[in-house]
Amino acid sequence: MQQSNGYIIGFAFALTIILGGLLSGAAVSLKPAQKEAIALDTRKQILSAVMETKGVDKRELSKEYDKKVKSMVVDFEGKVVEGEVAEKVDIRKEYKKKPEARLYPVFMYSEAGTDKVDAYILPTYGLGLWDNIWGFLAVKPDLNTVAGYSMDHKGETPGLGARITDASVQNRYKGQKLFNDNGDLVSVSMIKGEGNPNLDQHTIDGMSGATITGDGVNKMLENYVGYYKNYFAKLRKAS
């Protein structure tokens, strides 16, 4: 039996409303689980800057995080911003603001779970070859020596720029210096190629075939250490 155009349009409209409602309901019901997954992954990335996390259950890592990490938020001048929760600051959204208007989370890691800080962990964010890159930089209490650097990306090339997630690349940062003997920010830079013979405390091997991603990492790191420079100055003055 052939149906009228009105019937067909009405049926399609009703079906759209029903399916839309089902999808909306599913999205609402899944939102808490999605938020939890994002929170667990962020905690893992933070801890990856100072400890081995590969193969460790994220919930176990979350327990370690609660024991060993304290956090705060500071502004561009290095002043503590009251009422803000570091874990809830969206670095991607903050990146779109001018540096002077951003919120800057600080994560303080203590191996023994005490008030003694073994590393300050700072988020970094920037642009690679194809899309955004980000990471968490761990700095020792001297506020100069890199304790570790965990990095990730959205769309870098597998086997090339995507190597920023490899432990072999990230480990190159350990022990490197951010400032020179005069206290000037020099940062740590990947240089072109690998197996370079004349590296120093501010340079590390790059990634063959991924110069643009390496340049993005260099800019990201230097920029964010600069953004936290006022906070470092306040820490030095307090100590």
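Rules and cut-offs
Numbering of residues starts from 1 in each chain and follows the order in which that chain's sequence is written. The predicted origin of the model limits local features to residues at a pLDDT of at least 70 and limits the giving and counting of side-chain atom pairs to 80 or more, whereas totals for whole chains, interfaces and linings rest on all residues. Heavy atoms throughout the structure, all of them, feed into the side-chain values; hydrogens and water do not. Segments assigned H or I by DSSP are reported as helices when at least four residues long, segments assigned E as strands when at least two residues long, and all are numbered from the N terminus. Between the two quantities, the radius of gyration covers C-alpha atoms and the globule rule is 2.2 Å times the number of residues to the power 0.38. Classification of ring pairs uses Phe, Tyr and Trp, with its six-membered ring standing for Trp, and accepts pairs whose centres are within 6.5 Å; under 30 degrees between planes counts as stacked, over 60 as edge-to-face, and the remaining range as tilted. Each residue is placed in one exposure class: buried if its accessible area under a 1.4 Å probe, protein chains only, is under 20% of its type's maximum, exposed if it is over 50%, and partly exposed if it falls in between. Only protein atoms enter the 1 Å grid used here, on which a cavity is any set of points holding a 1.4 Å probe that cannot leave and a pocket is any open set flanked by protein within 12 Å on both sides along at least five of seven lines; residues with an atom within 4 Å of a point are listed as lining. Grid points are joined across faces, edges and corners, and a volume is the space filled by probe spheres set on the points. Strands are treated as partners if at least two bridges between them are detected by DSSP. Angular values range over 0 to 180 degrees, each being the angle between N-to-C directions of two axes fitted as lines to C-alpha atoms, with helices fitted over their stretch in contact.

**Q** Can you walk me through the overall build of the protein chain in this structure?
**A** When you go through the protein chain residue by residue, the secondary structure sums to six helices and seven strands. When the helices and strands of the protein chain are listed from N to C terminus, the series reads α-α-β-α-β-β-β-β-α-β-β-α-α. In terms of C-alpha radius of gyration, the protein chain reaches 22 Å, well past the compact-globule figure of 18 Å for 239 residues. Taken along its principal axes, the extent of the C-alpha atoms in the protein chain is 85 × 45 × 35 Å.

**Q** Help me understand the packing of aromatic side chains in this model?
**A** The description of two aromatic rings rests on the distance between their centres and on the angle between their planes. Scanning the model with the defined rule gives 11 aromatic pairs in all. Seen in terms of ring centroids, Tyr-95 and Tyr-125 are 5.0 Å apart; in terms of plane orientation they differ by 55°. Their pairing is tilted. Of this pair, Tyr-95 sits in helix 3 (residues 91–95) while Tyr-125 sits in strand 3 (residues 119–127), and the two are 30 residues apart along the sequence. According to the relative accessible area criterion, Tyr-95 is partly exposed, its value standing at 27%. Of the residues examined, Tyr-125 reaches a relative accessible area of 8% and is grouped as buried. Arranged with centres 6.5 Å apart and planes meeting at 75°, the rings of Tyr-120 and Tyr-231 form a pair that is edge-to-face. With Tyr-120 in strand 3 and Tyr-231 in helix 6 (residues 229–238), this residue pair connects regions lying 111 residues apart in the sequence.

**Q** In this structure, what is going on with the layout of surface pockets? I would like to understand it.
**A** Sizing a probe to match a water molecule and rolling it over the atoms shows the empty space that remains. Estimated volume of the largest pocket: approximately 810 Å³. Along the walls of the largest pocket sit 27 residues, with Ile-38, Thr-42, Val-89, Asp-90 and Ile-91 positioned nearest its centre. Secondary-structure elements contributing two or more residues to the lining of the largest pocket are helix 1 (5–48), helix 3, strand 2 (104–109), strand 3 and strand 4 (132–139). The dominant element in the lining of the largest pocket, judged by the number of residues it contributes, is helix 1, at eight residues.

**Q** I keep staring at the pairing of strand 3 and nothing clicks. Help me out?
**A** Strand residues, when the strand is regular, have side chains that alternate between the two faces of the sheet. The buried fraction of strand 3 amounts to eight of the nine residues, a majority that puts the element mostly inside the structure. By the bridge criterion, three bridges tie strand 2 to strand 3 in an arrangement that is antiparallel. Bridge pairing in strand 3 links Phe-107 to Ile-121. Counting the residues that bridge the hairpin from strand 3 to strand 4 gives four residues.

**Q** Hey, could you run me through empty space enclosed by the protein in this one?
**A** Applying the stated criterion across every chain yields a total of one cavity of 30 Å³ or more. As a volume, the largest cavity reaches approximately 30 Å³. Lining the largest cavity are Ile-91, Glu-94, Tyr-95, Arg-102, Leu-103, Tyr-104 and Tyr-224. Per-element tally for the lining of the largest cavity: the top contributor is helix 3, with three residues.

**Q** Would you explain the sheet that holds strand 4 in this entry?
**A** Sheet strands associate in pairs through backbone hydrogen bonding, adopting either a parallel or an antiparallel arrangement. Strand order in the open sheet formed by five strands is 1-2-3-4-5, and the pairing between neighbours is antiparallel. The strands lining the two open edges of the sheet, one partner per strand, are strand 1 (69–74) and strand 5 (146–153). Adjacent strand axes in the sheet meet at a mean angle of 25°, parallel and antiparallel pairs treated alike. Examined bridge by bridge, strand 3 and strand 4 share eight bridges and lie antiparallel to one another. Within strand 4, the position partnered with Ile-121 by the bridge is Ala-138.

**Q** Explain the pairing of strand 4 to me, please; I cannot follow it from the model alone.
**A** Most of strand 4 sits inside the fold, with seven of its eight residues counted as buried. Connecting strand 4 to the antiparallel partner strand 5 that follows it, the hairpin turn spans six residues, and Leu-143 within it adopts a positive phi of roughly 60°.

Without other data, these values stay purely geometric and don't point to any function.
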